[in-house]
Amino acid sequence: MRRPPPLPLAALCLLALPAAVAAYFGLTGREALTPFPGLGPATAPLQSRAHLKQCDLLKLSRKQKQLCRREPGLAETLYDAVHLGVLECQAQFRHERWNCSLEGRTALLKRGFKETAFLYAVSSAALTHALARACSAGRMERCTCDDSPDLENRQAWQWGVCGDNLKYSTKFLSNFLGPKKGSKDLRARMDAHNTNMGIKAVRNGLKTTCKCHGVSGSCAVRTCWKQLSPFRETGQLLKLRYDSAVKVSSTTNEALGRLELWAPPRSSRPAKGTAPRPGDLVYIDDSPSFCRPGKYSPGTAGRACSREASCDSLCCGRGYNTQSRLVAFSCHCHVQWCCYVECQQCVQEELAYTCKQ
Ligand SMILES: *[C@@H]1O[C@H](CO)[C@@H](O)[C@H](O)[C@H]1NC(C)=O
């Protein structure tokens, strides 16, 4: 299926659309991986004073490059964000047929699969998270701690506890990922929805943590600050939303004169169809099986699987190879007088399973 053609220009002019955040900021499978620590051959640690150079290494639009150059510390945070997003995606999909590999990523990003939806959401979530943390960690010049003007936080500030600055991070992001001009088709709507969903997922994980001070725990003084959940929790939430992603089509809202996402009725609702919920991941194209090597993925041949849990589905019914290997470990340990432990080396056979061609 091809992407639907964009709306005619006349229609676009009529619409005063709310600014939608829609750009993808993650690996596309096209970039040289060297600047990304841990993803390519090791490089020297990035130096903050060299941030202009770092901005040039990143694949950025003109506006993004300007923003990057203006803010020392941003380039490094952008690297962190991309890295965080990639690792989380790979961790969440390690047992799936599509394992978030970079092979086929470029083709995959052109389509509107559930996997594309996840990539948009995880990349915007990672960017939101990394930025909010960079602010509170003092790595940025233009933002510091969360400065919500409530009393608790002013106390927190006095006590020197620095909250993760989600407010700055969200604001920055809508500017940084800004609306793409002229693309208000169904696919652009999908991307915007999923990008915003990723940002929301991080926001939902923001917790207020408090600490009591005072004589014998009297809590006479309370320090509170805002803290983000570990990104792993956000990744888990996004993976759950991927599992229950909603296929959408478009409908023209006559009253507002604009294209809107339309989700088929959920069983419990009147059979009319509704807008997808803000917390849903949405997609428009059905995914391939990812079983065989193809345009979108390298297939599952050679993937390690667990015989009890995943081999059947992961290997797509082709079966799996079993390999045994010997693993050494310490055994028959005795405590010797006085103070050391003496062990023997034992070997044990371990079985490893991999999907057949
Ligand atoms: C994904 O699977 C392919 C084989 O299909 C493998 O080569 C690759 O290393 C895997 N990637 C990750 C991140 O696990």
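Above this text you will find the structure in question.
Anyway, here's the lowdown on the structure attached to this text. Bear in mind that the values here come from a model prediction, so they are computed numbers and not experimental data.

1. Details of the site of the ligand
Close to the ligand lie Gln90, Asn99, Pro298, Gly299 and Arg303, which account for all nearby residues. At a separation of 2.4 Å, an oxygen atom of the ligand approaches a polar side-chain atom of Asn99. Interatomic distance of 2.6 Å between a backbone N/O atom of Gly299 and an oxygen atom of the ligand. Here the ligand, which alone exposes 360 Å², has 54% of that area covered by the protein. Grouping the amino acids of the shell around the ligand by side-chain chemistry returns one nonpolar, three polar and one charged.

2. Observations regarding a positive patch on the surface
Taken together, Arg30, Lys59, Lys110 and Lys295 make up a surface patch of like positive charges. Note on placement: Lys59 falls in the loop between α2 (51–57) and α3 (62–70).

3. Some points on helix α10 (residues 231–243)
When the terminal C-alpha atoms of α10 are compared, their 18 Å separation across 13 residues agrees well with the 18 Å that a helix rising 1.5 Å per residue should span. All of the buried residues in α10 are Phe231, Thr234, Gly235, Leu238, Lys239 and Tyr242. Along α10, the residues classed as buried sweep out an arc of 140° about the axis, all on the same side.

4. Looking at the sheet that holds strand β7 (residues 304–305)
In spatial order, the strands read β7-β9-β8; together these three strands make up an open sheet with antiparallel pairing. Each of the sheet's edge strands pairs with one partner strand only, and the pair in question is β7 and β8 (320–336). In this sheet, strand β9 (residues 340–355) lies alongside β7 in antiparallel orientation, the contact comprising two bridges. Counted as the bridge partner of Cys305 is Tyr353 from β9.

5. A closer look at the pairing of strand β5 (residues 258–262)
The pairing of strand β4 (residues 249–253) with β5 spans five bridges and is classified as antiparallel. Across the sheet, Thr251 pairs through a bridge with Glu260, a residue of β5. Taking the residues between adjacent antiparallel strands as the criterion, β4 and β5 are bridged by four residues, where Gly257 takes a positive phi near 65°.

6. Points about the state of the cysteines
A complete count under the given rule lists eight disulfides for this structure. The disulfide bridge from Cys331 ends at Cys346, spanning 1.7 Å between sulfur atoms. Judged by the sign of its S-S torsion, about 80°, the cystine formed by Cys331 and Cys346 is right-handed. A residue pair is termed long-range when its members are at least 10 positions apart, and Cys331 in strand β8 and Cys346 in strand β9 qualify at 15 residues. The disulfide partner of Cys333 is Cys343, and the S-S distance across this bridge is 2.0 Å. Taking the sign of the torsion about the S-S bond as the criterion, the disulfide between Cys333 and Cys343, at about 110°, is right-handed. Of the two residues, Cys333 sits in strand β8 while Cys343 sits in strand β9, which places them ten residues apart along the sequence. For Cys343, a relative accessible area of 37% translates into the label partly exposed.

Scoring rules and cut-offs
Residues numbered from 1 in each chain as written. Predicted model: local features only at pLDDT ≥ 70, side-chain atom pairs only at ≥ 80, totals over all residues. Heavy atoms only, no water. Near = heavy atom within 4 Å. Polar contact = N/O pair within 3.5 Å; in protein donor to acceptor, adjacent residues only side chain to side chain. Areas by Shrake-Rupley, 256 points an atom, 1.4 Å probe, with all protein chains shown as cover. Nonpolar A, V, L, I, M, F, W, Y, C, P; charged D, E, K, R; others polar. Patch = residues over 30% accessible without salt bridge, like charges linked within 9 Å, V, L, I, M, F, W, Y side chains within 5 Å. Salt bridge = Lys/Arg side-chain N within 4 Å of Asp/Glu carboxyl O. Lys, Arg positive; Asp, Glu negative; His and termini not counted. Charge placed at Lys NZ, Arg CZ, Asp CG, Glu CD. Helix = DSSP H or I, 4+ residues; strand = E, 2+ residues; numbered from the N terminus. Expected span 1.5 Å × (residues − 1). Buried < 20%, exposed > 50% of the residue type's maximum accessible area, 1.4 Å probe, protein only. Arc of directions from axis to C-beta. Pairing = 2+ DSSP bridges. Disulfide = S-S within 2.5 Å.

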